[in-house]
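Breakdown of the fold
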Amino acid sequence: MAWDEWERLKAEAAADRPTGMRLNQLPVEGGESSAPGDPAKYGDLNVNQRDLAKIGKNAFDLYNDLWDQARQAVPSSEKAARTLTSRGLALGSALQHVATRWDEQLSSLMDACAHISNHMTVTKRLHAEDDHYIRRQMSSIDVLDAGFDERVGRPGPRNEIYGGPGGKQDTR
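Residues numbered from 1 in each chain as written. Predicted model: local features only at pLDDT ≥ 70, side-chain atom pairs only at ≥ 80, totals over all residues. Heavy atoms only, no water.

1. A short note on the overall build of the protein chain
Where we set the bar: Only DSSP runs of H or I with at least four residues qualify as helices, and only runs of E with at least two residues qualify as strands; both kinds are numbered from the N terminus onward. Burial classes follow relative accessibility: with a 1.4 Å probe on protein chains only, a residue under 20% of its type's maximum area counts as buried, one over 50% as exposed, and anything between as partly exposed. Should any heavy atoms of two residues lie within 4.5 Å, those residues are considered in contact.
Secondary structure assignment for the protein chain yields five helices and zero strands. Its helices and strands taken in sequence order, the protein chain reads α-α-α-α-α from the N to the C terminus. Across the 172 residues of the protein chain, 12% fall into the buried class. The long-range fraction of contacts in the protein chain, counting pairs at least 24 apart against all pairs at least 6 apart in sequence, stands at 57%.

Printed below as a string of structure tokens:
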């Protein structure tokens with residue numbers, strides 16, 4: 001590829017570039033994207049660390065609230081179930097079943113909250129690492145591209161090792 005061909009391709013690519021990022025999608029007829037998160041309208045993909053932290057904190061707070069408050073019903077319900085059963089009432093076994101199911105469902109909900117909280121912490125760290133990596137890669141491309149644009153002087157004479165015009169070795 002010749003230098004002027006490279007420059008022409010770069011100029012064409014810059015002219016064809018949309019104002020936003022487009023991932024794996026062509027515009028529909030009329031030039032508008034059908035995607036609800038159309039980057040041309042809303043900008044590039046963006047992960048806000050504060051939003052991730054807020055989701056993680058809310059999940060952590062909910063976990064703590066469930067641990068502190070929702071578990072209070074289990075011991076008293078189990079005690080009441082034992083008392084009712086010891087007095088020969090069938091309601092005792094039904095109440096014990098409800099208390100057991102409550103504890104199982106509460107554990108599932110608390111596990112989900114812990115998973116969300118941990119996932120947001122990990123996601124925040126991973127996205128920060130990804131952002132840093134992308135920034136490094138983009139800056140190295142800019143440096144490389146700038147190196148191609150710098151010209152110190154006119155091109156030098158043809159290197160004799162490659163022969164004369166047409167690629168044939170001069171035998172003079």
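2. With respect to the pattern of salt bridges
The condition is simple: We define a salt bridge as a side-chain nitrogen of Lys or Arg found within 4 Å of a carboxyl oxygen belonging to Asp or Glu.
Counted according to the given criterion, the structure contains four salt bridges. Of the charged contacts in the structure, one is a salt bridge between K57 and D61, with a shortest N-O distance of 2.7 Å. Separated by four residues within a single helix, K57 and D61 lie in helix 3 (residues 49-69), roughly one turn from each other. Across the pair E104 and R101 runs a salt bridge, and its minimum N-O distance is 2.8 Å. Within this pair, E104 and its partner R101 are both found in helix 5 (residues 91-149), separated by three residues, close to a single helical turn. Under the relative-accessibility criterion, R101 is labelled partly exposed at 40%.

3. Description of the nonpolar core
Heads up, the rule is: To define a nonpolar core, start from buried Ala, Val, Leu, Ile, Met, Phe, Trp, Tyr and Cys residues and group those joined through side-chain atoms within 4.5 Å.
Grouped together as the largest cluster of nonpolar side chains are five residues: L66, A70, L106, M110 and C113. When residues in this core are grouped by element, the largest group, three residues, is from helix 5. For L106, the residues in contact, after removing those within four places along its chain, are L66, A70 and R71.

4. Focus on a nonpolar patch on the surface
The line we're drawing: Nonpolar side chains (Val, Leu, Ile, Met, Phe, Trp, Tyr) are joined into patches within 5 Å and like charges within 9 Å, using only residues with over 30% relative accessible area and no salt bridge. In these tables, accessible area is a Shrake-Rupley quantity obtained with a 1.4 Å probe, and a residue counts as shielded only by the protein chains included in the view.
Together, Y133, I134 and M138 make up a nonpolar patch on the protein surface, roughly 310 Å² of accessible area in all. M138 gets classed as partly exposed once you look at its relative accessible area, which sits at 46%.

5. A word on the packing of aromatic side chains
In plain terms, the rule: Aromatic contacts are taken between Phe, Tyr and Trp rings whose centres are within 6.5 Å, Trp giving its six-membered ring; a plane angle under 30 degrees counts as stacked, one over 60 as edge-to-face, and the others as tilted. As a reminder, the over-ring test applies to NZ of lysine and CZ of arginine, requiring each to be within 6 Å of the ring centre and within 35 degrees of the ring normal.
Under the criterion given, the structure shown has zero aromatic pairs. The side chain of R71 reaches across the aromatic face of W67, ending 4.6 Å from its centre.

6. Thoughts on the side chain of S117
As a reminder of what qualifies: By the criterion applied in these results, polar contacts are pairs of N or O atoms within 3.5 Å in which, for protein atoms, one can donate a hydrogen and the other can accept it, and in which residues neighboring in sequence qualify only through two side-chain atoms.
Inspection of the secondary structure puts S117 in helix 5. Residue S117 is classed as buried on the basis of its relative accessible area, which comes to 9%. There is a polar contact of 3.4 Å between the side chain of S117 and the backbone oxygen of G56.

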